[in-house]
Amino acid sequence: FATHSLLRALPPVNTILLQPRIRPLSLALRAIAVSAVAGFPSTVRWSRPLTMAAPSPSRRIIRTDDPCIVTMQKMMRGTDGILSLAQGIVHWKPPATATNAAAQALQEGDTNSYCADDGLVAFRDALKQKLREENGMTKSDVMVTSGSNQAYMNLAISLLDEGDGAVLFAPYYFNHAMALQMTSAEIVIGKVDQALLPDLEWLEQRLKATSGPKIKMVTLVNPGNPSGVMLPPALLAKAQQLCDQAGAWLVCDNAYEYFSYEPDGAPPHTCLEAPNVVNLFSFSKSFGMMGWRIGYIAYPEGPLGGELFKVQDTVPICPPVISQKAALGAMESGRAWVKEQVAGLSESKKLIRGVLEETLGKENILGGSGAIYLMAKLPATSHDDVAVVEYLAKQHKVCVIPGAACGFPGYIRVCYSNLKPDVCEEAARRLRQGLTSLPATA
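In this text the structure is predicted, and so the values were computed from the model without any measurement. (Residues numbered from 1 in each chain as written. Predicted model: local features only at pLDDT ≥ 70, side-chain atom pairs only at ≥ 80, totals over all residues. Heavy atoms only, no water.)

Notes on the sheet that holds strand E13 (residues 411-415)
Here's step 1: One open sheet holds the four strands; their spatial order is E9-E10-E13-E12, and the pairing between them is antiparallel. Each of the sheet's edge strands pairs with one partner strand only, and the pair in question is strand E9 (365-367) and strand E12 (401-402).
Here's step 2: When E12 meets E13, the two strands line up antiparallel, connected through two bridges. Each bridged residue has a counterpart across the sheet, and for Pro-402 the counterpart in E13 is Ile-412. (Pairing = 2+ DSSP bridges. Helix = DSSP H or I, 4+ residues; strand = E, 2+ residues; numbered from the N terminus.)

Here you go:
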């Protein structure tokens, strides 16, 4: 009875043959139905293949910037032997305490299971102890995430509604901009001074403004990506005060907290803790664990935690257990191990800065007091940074990031940590050759 009812609900076979635009679902059901009835052919054929256009993606995601790192990776795949000073990674591997912990984890049954949404209890306890001892933070709860990019995405979804204002200071981290675009927040580009430090006078006026989107969230990266600038403690404290007075969140991304250069006269890294402040951290760069995808959110105790859990449970459910166990092992080596690796960057940093100053002028090179980046201003005759990046990759086999990807056109971002010193020397030679012979661009 059900089969004959299905047949009556669908067009006859000759109609299917004459109407190639009939819905695929009806065709599929018709084929199933007729194959179940004796005397009917077991397959249904139509006069020509169906041609149907796929529905369009969301306007929100279409408006989101393309990921520049993916573009750089594609560019590198097309050129044999290219050397990268582009993606922000480090050349070292995780400490043995991390890889040994991962090997042990393979033998443990709970590694194959889900854990608590916010991470393994032992790992979270260790992170809270680290926050107390190293960062002076005693009132924050912790959520482990699959890298600090996911941590920022959790916050963007939890803190912002469509149309809320979110401040990024240019040059900004491109994935922060993409996350905000995906939430349909209104990005407000903040001003910086000549040293690429956030202009807090501008921020104060913008937070008080009655026109334009109301600012709900301000993001600071400390030390800066891509600026390579360490933020002074007084600046952080003032930014927190301004945001608090305006009822806005202050999000501090500390992914490069261990990349400070006090021997060079640069300030140390500092954090601050307040009811309107959320801090992000990462294991990727410090412990050479980029592919393990472990970061964490340190957020104020209170109602925000429950909202973050909604996002966490929907996206990763929980961070990878084996990665958490490896990161817990890395903490046994700790800050001292990382600082030893960072100290080894001094020669590469000096080499790359020297090439940039020699070719572009010392006054045009910014950053270097923190993180792993230098920003270099291009000459007026070669102001198209995207064209310059393509030229360097194709003609000189060295890759950097265009400033336009960070809201800072006319500059390039150069990373000095992703190649071992001997390979970095060759990359520096190619960079010097390329910058010396820059073609004129639009």
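A few points about the packing of aromatic side chains
Here's step 1: One pass over the full model with this rule turns up 11 aromatic pairs.
Here's step 2: Ring geometry for Tyr-256 and Tyr-373: centres 5.6 Å apart, planes at 75°, overall edge-to-face. Taken together, the positions of Tyr-256 in the loop between strand E6 (249-253) and strand E7 (277-282) and Tyr-373 in strand E10 (residues 373-377) put the pair 117 residues apart, joining distant regions of the chain. As far as burial versus exposure is concerned, Tyr-256 and Tyr-373 are alike and both buried.
Here's step 3: Arranged with centres 6.2 Å apart and planes meeting at 5°, the rings of Phe-287 and Trp-337 form a pair that is stacked. Placement of Phe-287 in the loop between E7 and strand E8 (295-300) and of Trp-337 in helix H13 (residues 321-343) is noted, with a sequence separation of 50 residues between them. A single burial state applies to Phe-287 and to Trp-337, both of which are buried.
Here's step 4: Through a chain of ring-to-ring contacts, the aromatic side chains of Phe-123, Phe-281, Phe-283, Phe-287, Tyr-296 and Trp-337 assemble into a single cluster.
Here's step 5: For the cation-ring pair, Lys-130 lies above Phe-281, with the distance from its terminal atom to the ring centre recorded as 4.2 Å.
Here's step 6: Its guanidinium or amino end placed over the ring of Tyr-261, Lys-349 lies 3.7 Å from that ring's centre, counting from NZ or CZ. (Phe/Tyr/Trp six-rings, centres within 6.5 Å; stacked < 30°, edge-to-face > 60°. Buried < 20%, exposed > 50% of the residue type's maximum accessible area, 1.4 Å probe, protein only. Lys NZ or Arg CZ within 6 Å of the ring centre and 35° of its normal.)

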